[in-house]
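# Structure assessment
If you want the building blocks of each chain, they are given just below.
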Amino acid sequence: FIDTTMLSRLKWLGKAHPNIWRAQVNKNCKSVSTYKEKFGASHTQGDVPHLIHRHEHKYAEGKVYHGFLCEHVEHISDFDLTSYTLRHQRTGTELWHIDRNDANNVFSINFRTTPFDSTGLPHILEHLVLCGSKNYPVRDPFFKMLNRSVATFMNAMTGPDYTIYPFSTMNETDFRNLQRIYLDAVFRPNLLYLDFLQEGWRLENEDIHDCNSKLIIKGVVYNEMKGAFSENSQVFSQNLLNNMLPDHTYGYVSGGNPLEIPKLTHKDLIEFHQKYYHPSNSRIYSYGSFDLTKTLRLLDEEYLSERTGIDNSYSQIPRQQRWQQPRNVHISSRLDNMGAPIDRQNQIAIALLMCDVTNLQESFELNVLSEVLIRGPNSAFYKSLIEPNFSGGYNRSTGYSSDTKDTAFVVGLQDLRVEDFTKFTELFDQTISNSIKIGFESQHIESILHSLELSLKHQSPHFGNALLFNSTALWNNNGNIVSNLRVSEMISSLRTSLSQNKTYFQDKVQQYFAKNSHRLTLTMSPDALYQENFKRAESEMLRQITAALDKEKCQNIFQTGLELDAFQKVKPNTDILPCLTVNDVKEPPKWPKLIVETIQNVQTQICKVSSNEITYLKCLFNATSLSREETQLLPLFCNVINSMGTSKYDFREFDKLVLSKTSGFDFKLNFVENVRDSKSYKISVMMDTHALDKNAPELFYLCQELLLNFDFSDTDRLKMLIENYISNISVGVASSGHVYAMLGASALVTDASNLKSRLFGIDHIELMKILVQDNNTVDICKTLKSIGKKLFLKNNMQVAINTTESYLATALLHYRNFLESLPSVDKSKESHSINLLDPSCQHYIMNIPVNYCAKAFFAVPYLHQDHPKLRVLAKLLSAKYLLPVVREKNGAYGAGAKISSDGIFSFYSYRDPHSLKTLDTFDKTYEWTRLEKNNIDQQALFEAKLGVLQQLDSPIAPGNIGIDYLLYAVSQDMFEDYRSRMLSVTVDELHDTVKKYLKKPPTNFGKCIIGPENEELQLETSHKWKIIT
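In short, a report on the structure.

What follows concerns the sheet that holds strand β29 (residues 1025-1028). Taken in spatial order, the six strands line up as β26-β27-β25-β28-β24-β29 in an open sheet, and their pairing is mixed. A single partner strand is all that each edge strand has here, and the edge strands are β26 (894-899) and β29. Between one strand and the next, the sheet's axes are offset by a mean angle of 15 degrees, whatever the strand orientation. Sheet analysis places strand β25 (residues 852-858) next to strand β27 (residues 904-910), joined by five bridges and oriented antiparallel. Bridged to Ala 856 within β27 is Ser 906. Each of β25, β27, β28 (1005-1011) and β29 touches helix α30 (residues 916-923); the most contacted strand, β25, lies at about 30 degrees to it.

Next up, the structure:
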């Protein structure tokens, strides 16, 4: 379990297959873009012979710096960084510093936290330490600092055996400010009882002003985990971990089981902090170009010099005792009314315990072997489990996990029938047996290794964060984190072993798969009464708790509820918190200039970047002229176009060619409203790929081959891909419920947003199910073929090429040859007009215990003079109104407001115990601004501007520079003008904006709830609600 207090639960390191225990986070590009990038590492070592330079080290082994002994120094050429390992002499605290020429600096304090129950102790403690400390006795300084900083990342996370507190920023003043806040929070937290009640759990009168009203359970983490346990894929992965490694801390739910959380006491939490947050049990991470000595001095003088070291072996995790016999476990899950037919809503996985995470070479090779076994159409498990098409494809637990003391391999399927469980097990055993007998195709192995090598050179602006997250589990278990960075050496060693022993991987399969008795088969089936049973268990738990209360205790609960309410309403003294100034942020980030040329009648933008010997190519195809039927199939088209092969190469051959020379082809559907007036929209498909410069000729050849000769003739394969696609889009709705709720609300505002919901929202799931029911695969094949013929035209595309100045001429030569091969037809339609809709409301019923609420209305587009004002207003409302009321007071996990480039202004809540109460809070926004008018001052305004700058000034990967111009026609000059106008917004202008857009009910608005049935919805509101089951 990972607690992402600021960002949604996604992924930092995009692997081919999600694994069961790794956190995944995506980061948006700068400005108005919603394009997502995969994060990879940077690499500067080429394939040509090179001179080995002697590197000057800033710190020397054996020397002491502010109480820290420098133990080890090493330059890692794979990533062009120097690693320094230091240890505090008095406390034994280890500090790992990565010195690298990177503006995005990272800092983190990590603790090994090993719970022995499922009350969520480390998770609730993680929330609580960020609620005020000795030097910063402000209620919830973490959330207050979100808008007093320009952090590129700021969070806290609870894993199965660790808790980490990371942040990153490009501003050194900001870095020092956040460093002080975080260090004081973890080492000197206040841990107030009232904060425990707010963040963890509490009994409270339903009407806090009526002591006779019934008692209910509230709390941020309590509701968060109710939401987490309503997502079937998370329930499956949590049970996989608990049952695979049952003997120690992994047998418990570190995030907290909602039915166990009320067993936690405030005293338990205090004691856990004293034991596990000792400096000797901490690990500190520092990355980037800022001066390390300032960090060392602060740590030693303020927090470590007066502490005494202790033996931290009490928190070490032993290896799991290996089983003598395989085990089978069956669990129940929520019936998903948006998922597959009930008879197919089953999952199964086989998990095998591998090696110790600290065995670096072995773990690396098992990771590669896992990819060889499961990745793509040439892998053994894909052929045996996916292609027979008796399921919805791999489930989300599939992959190799190195995030616990013992690593594991998992392969599983989702959306299959119970009667196919035996078939799965038999096919698994047959696949292992055949792999040992037949072995693996060398070209397939090489394509996996090439992908890994290419990822080393692919540069990411969030490399420092990715390195932290990728190293945390290994470091937590005393592994050699520096040696783990020598990836090229591990690849070379593996290649040597493979060349010297032709059955090397087969021997591994024999050892770790065929002869492994530590094997868990986990199955999961839906229970129509699952949610009802949870409600019953929750009610019984509440009954038992309240039955033990006497009149005095009930009165104490009532009084505490009033105290907490008053505590939450007190205006915090934020003056004691550090904050940036205008001078710290007045200069916009500088990006390389774009060169826009017309080459063979194709608009081509060129950007000379330091791309580390990689050429990046993006082709944007206008899809606006497609028919309605074709447009609705575009998401499917993007999903399957690169998996069908071509008329020259079948899908297996094409996959090997692509992965052995390129990063692969990523097709994304883009929906862009006119940023000038929002009166029209365009739909486009982007093909995104990159390759080493030396492989650029093959890159353009493979692009040409795919665009000209795509082949949808294999209807059996297409049928399988379609069913897997529908299965995958049905998974994860609850975990991203706020996004779907905003799409659902926006769909009621304009016809463009309505179409967007049918392409990206919950409506798309149902649309695809109906499409498959009403059309045979041959007809769908014809439509997909028609889409490709209309899309992939020279006069229908724009192109972006990002490469080094030295390689640009060669890249353009190959590009021109590529363009010559593409056909042209008459100019296609450029855009569609947008129409506003009458106000309406809709409720998507899901049998989950929490709600996701949204309200949306049309305001102004991105380039309108009021857009930056509304963006500042959205940040201010999120921090000063919505989070305090919807989250702190009413118990939702998250809430906020935002305005998109399309001009839609949205309010939202996340994992919310309420629905109507939250929508009422959204409606009363103007009243709050009137009541708090005097508190919306210069400081509040500036903090909101900093919140906007976190998005505007976030770092961009070299391959994505210029993405906003390609998608939105927003130039660097336009962006800087927007930024300047945002910074110049005044308090009076903000109040005028409030009056203009919030005083009167909007003419065009929509409201959306995703959550359980609510019979009172029609009775308690004046709006007519459309109920969607």
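That was the structure; now back to the text.
Positive charge collects at one region of the surface, where Lys 933, Lys 995, Lys 999 and Lys 1000 lie side by side. Residue placement: Lys 995 occurs in helix α35 (residues 987-998). With relative accessibility at 41%, the residue Lys 995 sits in the partly exposed group.

All chains considered together, the criterion is met by 48 salt bridges. A salt bridge links Arg 375 to Glu 371, with the nearest nitrogen and oxygen atoms 3.8 Å apart. Per residue, the accessibility class of Arg 375 equals that of Glu 371, and both read buried. Close ionic contact of Glu 453 with Arg 495 constitutes a salt bridge, the shortest N to O distance being 2.9 Å. Of this pair, Glu 453 sits in helix α12 (residues 442-457) while Arg 495 sits in helix α14 (residues 487-500), and the two are 42 residues apart along the sequence. The partly exposed category is assigned to Glu 453, whose relative accessible area is 29%. The structure contains a network of salt bridges with shared partners spanning Arg 319, Arg 322, Asp 356, Lys 405 and Asp 406.

A word on the sheet that holds strand β12 (residues 327-334). Strand order across the open sheet formed by five strands is β12-β16-β13-β15-β14, with mixed pairing between neighbours. The strands lining the two open edges of the sheet, one partner per strand, are β12 and β14 (399-401). Each strand of the sheet is rotated relative to its neighbour by a mean of 25 degrees, with strand direction disregarded. The sheet contact formed by strand β13 (residues 346-356) and strand β15 (residues 406-416) spans nine bridges and is antiparallel. What sits directly across from Ala 351, in β15, is Val 410. Taken strand by strand, helix α11 (residues 421-438) contacts β13, β15 and β16 (519-527), and its axis lies near 30 degrees from that of β13. Of the strands in this sheet, β13 and β15 are in contact with helix α15 (residues 504-514), which crosses β13 at around 115 degrees.

Our next topic: helix α21 (residues 651-661). Here α21 has its buried residues at Phe 651, Phe 654, Asp 655, Lys 656, Val 658 and Leu 659. For α21, the secondary structure elements touched by its buried residues are α12, α22 (696-709) and α23 (715-729). N-capping of α21 is provided by Asp 650, with a side-chain oxygen placed 3.0 Å from the backbone N of Arg 652.

Attention shifts here to the side chain of Thr 169. The topology assignment puts Thr 169 in strand β8 (residues 162-169). One polar contact links Thr 169 to Asp 174, side chain to side chain, over a distance of 2.9 Å. Setting aside residues up to four positions removed in sequence, Thr 169 forms contacts with Ala 103, Asn 104, Asn 105, Val 150, Ala 151, Thr 152, Asp 174, Phe 175 and Phe 290.

Attention shifts here to the nonpolar core. By size, the foremost hydrophobic cluster in this structure holds 156 residues, and its most contacted members are Phe 381, Phe 505, Phe 513, Phe 712, Leu 784, Tyr 815 and Phe 818. Broken down by element, this core gets its largest block of residues, eight residues, from helix α9 (residues 360-374). Once residues lying within four places of it in the same chain are set aside, the contact partners of Tyr 815 are Ile 599, Val 602, Thr 604, Phe 700, Val 799 and Ile 801. In this structure, Tyr 165, Phe 167, Phe 187 and Leu 304 belong to the second largest nonpolar core, which totals 68 residues.

Cut-offs applied
Residues numbered from 1 in each chain as written. Predicted model: local features only at pLDDT ≥ 70, side-chain atom pairs only at ≥ 80, totals over all residues. Heavy atoms only, no water. Pairing = 2+ DSSP bridges. Helix = DSSP H or I, 4+ residues; strand = E, 2+ residues; numbered from the N terminus. Axes fitted to C-alpha atoms, helices over the stretch in contact; angles between N-to-C directions. Contact = heavy atoms within 4.5 Å. Patch = residues over 30% accessible without salt bridge, like charges linked within 9 Å, V, L, I, M, F, W, Y side chains within 5 Å. Areas by Shrake-Rupley, 256 points an atom, 1.4 Å probe, with all protein chains shown as cover. Salt bridge = Lys/Arg side-chain N within 4 Å of Asp/Glu carboxyl O. Lys, Arg positive; Asp, Glu negative; His and termini not counted. Charge placed at Lys NZ, Arg CZ, Asp CG, Glu CD. Buried < 20%, exposed > 50% of the residue type's maximum accessible area, 1.4 Å probe, protein only. Polar contact = N/O pair within 3.5 Å; in protein donor to acceptor, adjacent residues only side chain to side chain. Core = buried A, V, L, I, M, F, W, Y, C linked by side-chain atoms within 4.5 Å.

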